Amino acid sequence: MRYRSDRVKIAIDVMGGDRAPDEILKGALLASKEVEGEIVLIGPEEIVRNKGLPFVSAFEIVKMDDPPLEVLRKKNSSMHVGLKLLSEGKVDAFVSAGATGPLFLGATSIVGKLEGIERPALGVAVPSLKGATVLIDAGANAKVRPEHLVDFAFMGIAYSKVLGAENPRVGLLNMGSEENKGPDDIKRAYQLLKEFLGDTFFGNVEGHDINLGTVDVVVADGFSGNVALKTMEGTAKLVTSVLKESIKDGGFLSLLGALLMKRSFDKMKEKLDPRSYGGTFILGVKGIVVKAHGSSDAKAIKHAIKVAEKGIRMNIVQEIERGISHVRNSGDGR
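Throughout this description, residue numbers start from 1 for each chain and increase along the sequence as written. Reporting in this predicted model follows two pLDDT cut-offs: at least 70 for local features of residues, and 80 or more for side-chain atom pairs to be given and counted; totals over whole chains, interfaces and linings ignore these cut-offs and use all residues. Only hydrogens and water are set aside when side-chain values are computed; all heavy atoms of the structure are taken into account.

- In the nomenclature of an unreviewed UniProt entry, the chain is known as Phosphate acyltransferase of Thermotoga petrophila.
- UniProt positions are given in the numbering used here, feature names are shortened, and annotations may be inferred rather than shown by experiment. In its Pathway (unreviewed entry) section, UniProt records this for the chain: "Lipid metabolism; phospholipid metabolism."
- Under the UniProt heading Subunit (unreviewed entry), the note attached to the chain is "Homodimer. Probably interacts with PlsY."

Next comes the structure, spelled out in structure tokens:
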């Protein structure tokens, strides 16, 4: 796999997200100490200047409750300007914690879709017992056709290979593992995935399989995928909170044991913390666009920027384009 080793340039939407601009700026500054490249702040000049980082002025704001079309109307917004810079090749990636609808529409309209992709999707690497499971779609397309789920599978396979999987296996998120489970669209998607992917298709999987690492890629419509993702985030917070309370209530011996196991607990906390995987790629567009959670704090923004850097280094757009072309043009349809 090709690896990009030169310095990269990543633009960040300073005005996107519930906690903008303060937490976005803090996150960008944190990331600038860890990313080998340049981070470009995009926002009103009075907010982004004198921060020690390069900036591009953009005086309009796409608000969290704005309808998707606002990203196209507000051409001087931080979101539009960032996507435009990406489309022109002036930056290598764009990161935003802004509203999903406008960002998704902007990415597909301004940056543009890859050839042959009708519906780009949000792909996120979710921590699992076997490393990471790619969940796609994680929230961009609430309702899709069965054919779109096949596209998602192709993109997920390519992303999984970027993450290190040699022969990724694909599962279809459903309410049960049996082939005849689910509504008609899901049954149709099952047959299409089986036809196009052959042995690469594992079959139906359930929500718990995502974290267990039963497969490398879990395909879902955006509604189901987003519910699954948010449920996992809530469960992670529950586990860490219950563990803290149990140690606190367990007395001296529990505190002593926790102290002895601090390094292990810290590793567990980091793996379960949703902020540690920071952002999701909008896969299927001609550039690297990373969607950070709307409520992202500085740590989450830092990790979202690092996700973008990894996507650049691993040439994820080119790998997806090449992977989709290879799968679709192979003689046996697999």
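Still to come is the rest of the account.
**A short note on the sheet that holds strand β8 (residues 201-205)**
Here's step 1: If you trace the 11 strands from one edge of the open sheet to the other, you get β3-β2-β1-β4-β11-β10-β5-β6-β9-β7-β8, paired in mixed fashion. A single partner strand is all that each edge strand has here, and the edge strands are β3 (55-57) and β8. With strand direction ignored, the average angle separating the axes of adjacent strands in the sheet is 25 degrees.
Here's step 2: For two strands to count as paired, DSSP must find a minimum of two bridges between them. A helix here means a DSSP run of H or I that spans at least four residues, while a strand means a run of E at least two residues long, and both kinds are numbered starting from the N terminus. In this structure, strand β2 (residues 37-43) lies alongside β3, joined through 3 bridges in parallel fashion. In the sheet register, Ile42 faces β3, and the bridge partner there is Val56.
Here's step 3: Taken strand by strand, helix α5 (residues 100-111) contacts β4 (93-96), β5 (121-128), β10 (279-283) and β11 (288-292), and its axis lies near 175 degrees from that of β11. To get an axis, a line is fitted to the C-alpha atoms, and for a helix only the part in contact is used. The angle between two axes follows their N-to-C directions and goes from 0 to 180 degrees. By the convention used here, residues are in contact when the closest approach between their heavy atoms is within 4.5 Å.

**Looking at the environment of Val40**
Here's step 1: Mapped onto the secondary structure, Val40 falls in strand β2.
Here's step 2: Three labels apply to residues, based on accessible area from a 1.4 Å probe with only protein chains included: buried if under 20% of the type maximum, exposed if over 50%, partly exposed otherwise in between. Residue classification places Val40 among the buried positions, given a relative accessible area of 6%.
Here's step 3: A C-alpha to C-alpha distance of 7.1 Å links Val40 and Lys9, two positions 31 residues apart in sequence.
Here's step 4: If we ignore the near neighbours within four places in the chain, the residues touching Val40 are Lys9, Ile10, Ala11, Ile12, Pro54, Phe55 and Val56.

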